[in-house]
Amino acid sequence: MKHSRIAAVDVGNDALKANFGKMENSCYIPNVIARDMEDRPVIGIEDLDEKDPIDNLHIRVHSPALEENNAVYRVGTLATKTNNSTELDQGSSKSEEDQTLVMLFASIALDAVSSNSFKAGKNDVIDANYTLGTGLPLREVKEGKDVGYRSQLLGSVHQVEFLVTPQYQGKKVNIKFDEVKVYPEGFAAYVNLIMDNELNVISQELIDKQILIQDIGGLSTDIAVIRNRNVDDDKAQGFPLGVAESLEEIRDEIRTRHGVELDSRRDVVDIITRKNDRHHIMVKGSRTNIHDITDRILLELAKKEYRNLRNVWQRNSQSEICYFVGGGSAVLKDYLKALNNKLDGFNIDFFEDEQESIWMMANAYYKLIMDFVNKNAQSNAKEKAAAEEK
């Protein structure tokens with residue numbers, strides 16, 4: 001049997017975060033793609049291999065799961081430098097977008113060529129088998145879209161060819177999934193709260209509590225109601241509300257008012273969340289405060305998010321705490337805290353380490369898929385022992 005490598009991939013609306021193997025390899029790629037030509041021009045082509053591959057991902061993707069098969073893309077940071085880059089739009093479903101799959105395949109192919117877990121065969125082709133843990137917004141899982149998404153990935157070979165990419169130019173990766181688990185994002189966040197990477201329970205006090213988890217993403221918000229250690233499907237709610245539209249609004253206003261063109265929404269997030277010079281940009285070489293723009297737009301969004309929390313909490317009055325998770329929570333944290341102090345005074349909590357909040361889903365998928373693999377191995381060992389006894 002071929003070796004199957006673990007992949008835990010969170011295709012977030014802002015960025016993809018992924019853990020591989022025994023968490024010895026991970027990657028963070030802005031969720032931006034751009035259609036491109038096969039032989040993109042590069043200044044200083046002779047120095048190409050000295051550049052970081054993750055910042056210069058240029059690939060062709062062949063997969064029966066894609067609507068636009070065999071297309072060439074710039075992915076991540078490289079895509080933000082073009083004028084035809086695309087980010088996921090409000091109202092789109094993650095499970096039905098080619099962009100989600102392109103990002104997923106790109107990250108796995110990058111791991112396959114960089115981890116030395118698989119050997120290249122003829123013509124620099126790597127056959128790579130993976131066991132994947134990933135997730136979808138609660139709303140899409142409730143609509144049954146996880147079934148179609150999973151079936152798209154299983155049963156087919158998905159090929160990524162690295163074109164003008166440092167170190168990996170000319171390499172091809174044939175990706176095959178031995179198993180795919182698609183988890184609801186809200187439940188994944190709960191698992192991350194109560195278990196460590198070795199699957200030990202670290203928050204015993206949370207296990208039997210009724211808690212809310214509000215996951216604010218780029219395009220949607222999920223509020224999961226956890227009771228009896230499971231998501232209450234009837235009570236859980238998904239809203240087509242995220243930070244992407246507000247980030248785009250900030251980007252547009254910066255362009256209109258200051259004549260500064262930011263490459264992507266990722267740049268806006270950086271301006272809002274970085275430790276130094278937060279809410280400042282450079283305008284013609286001068287450090288300029290844009291607090292009035294960011295405060296007005298983000299406070300308006302925070303009010304909508306808070307209204308959703310209030311409505312869900314009223315219908316689940318015995319909830320003891322709400323945890324805010326996701327990249328959107330990191331952006332809105334200060335505004336939501338201020339609103340809560342002024343209004344209802346709910347028992348809410350954030351992850352002060354913004355990286356922990358941003359990586360929460362990828363870490364949760366890793367724990368869940370490892371738990372599945374371990375239980376599967378134990379079951380197979382018992383079956384083998386029983387067969388040998390006969």
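Residues numbered from 1 in each chain as written. Predicted model: local features only at pLDDT ≥ 70, side-chain atom pairs only at ≥ 80, totals over all residues. Heavy atoms only, no water.

What follows is about the confidence of the model for the chain. Averaged over every residue, the pLDDT of the chain is 89; residues scoring 70 or more account for 97%. Element-level mean pLDDT values for the chain span from 76 in helix α10 (residues 354-358) up to 97 in strand β8 (residues 158-162). (pLDDT = per-residue confidence, 0-100. Helix = DSSP H or I, 4+ residues; strand = E, 2+ residues; numbered from the N terminus.)

Domain annotation for the chain reports domain 1 (5-183 + 361-381) and domain 2 (195-350). On a C-alpha basis, the centroid separation for the pair domain 1 and domain 2 is 26 Å. Counting residues at the interface gives 20 residues for domain 1, matched by 31 residues for domain 2. With its nearest N and O atoms 2.5 Å apart, the salt bridge here joins Arg 266 to Asp 14. Counting the contacts that link domain 1 with domain 2 gives five residue pairs in polar contact (both at pLDDT 80 or more). Broken down by secondary-structure element, the contributors of at least two residues to the side of domain 1 that touches domain 2 are α2 (138-142) and α11 (360-389). Considered class by class, the residues forming the side of domain 1 that touches domain 2 number eight nonpolar, five polar and seven charged. (Domains from an automatic or database assignment. Contact = heavy atoms within 4.5 Å. Salt bridge = Lys/Arg side-chain N within 4 Å of Asp/Glu carboxyl O. Polar contact = N/O pair within 3.5 Å; in protein donor to acceptor, adjacent residues only side chain to side chain. Nonpolar A, V, L, I, M, F, W, Y, C, P; charged D, E, K, R; others polar.)

Remember that side chains alternate between the two faces of the sheet whenever the strand is regular. In terms of residue burial, β8 counts as a mostly covered element, since four of its five residues are buried. In this structure, strand β5 (residues 57-62) lies alongside β8, joined through four bridges in antiparallel fashion. Looking at β8, one finds that Val 61 is bridged to Val 160. Two elements, β8 and strand β9 (residues 172-184), share four bridges in a ladder whose sense is antiparallel. Opposite Val 160, over in β9, you have Val 173 as the bridge partner. (Buried < 20%, exposed > 50% of the residue type's maximum accessible area, 1.4 Å probe, protein only. Pairing = 2+ DSSP bridges.)

A few words on the packing of aromatic side chains. The tally for this structure, following the rule as stated, stands at seven aromatic pairs. With a centroid separation of 6.4 Å and an interplanar angle of 75°, the aromatic rings of Phe 20 and Tyr 130 are classed as edge-to-face. Placement of Phe 20 in strand β2 (residues 15-20) and of Tyr 130 in strand β7 (residues 125-136) is noted, with a sequence separation of 110 residues between them. One exposure class covers both Phe 20 and Tyr 130, and it is buried. (Phe/Tyr/Trp six-rings, centres within 6.5 Å; stacked < 30°, edge-to-face > 60°.)

What links the strands of a sheet is backbone hydrogen bonding, and the strands pair in either a parallel or an antiparallel sense. Read from one edge of the open sheet, nine strands run β3-β2-β1-β7-β9-β8-β5-β6-β4, paired in mixed fashion. In the strand order of this sheet, the two ends are held by β3 (25-30) and β4 (33-35), each with one partner. Pairs of neighbouring strands in the sheet enclose a mean axial angle of 30°, with direction left out of account. The pairing of β5 with strand β6 (residues 71-75) spans five bridges and is antiparallel. Along β6, the bridge assignment pairs His 58 with Arg 74. The strands touched by helix α3 (residues 145-153) within the sheet are β7, β8 and β9, with β9 carrying the most contacts at an inclination of about 160°. (Axes fitted to C-alpha atoms, helices over the stretch in contact; angles between N-to-C directions.)

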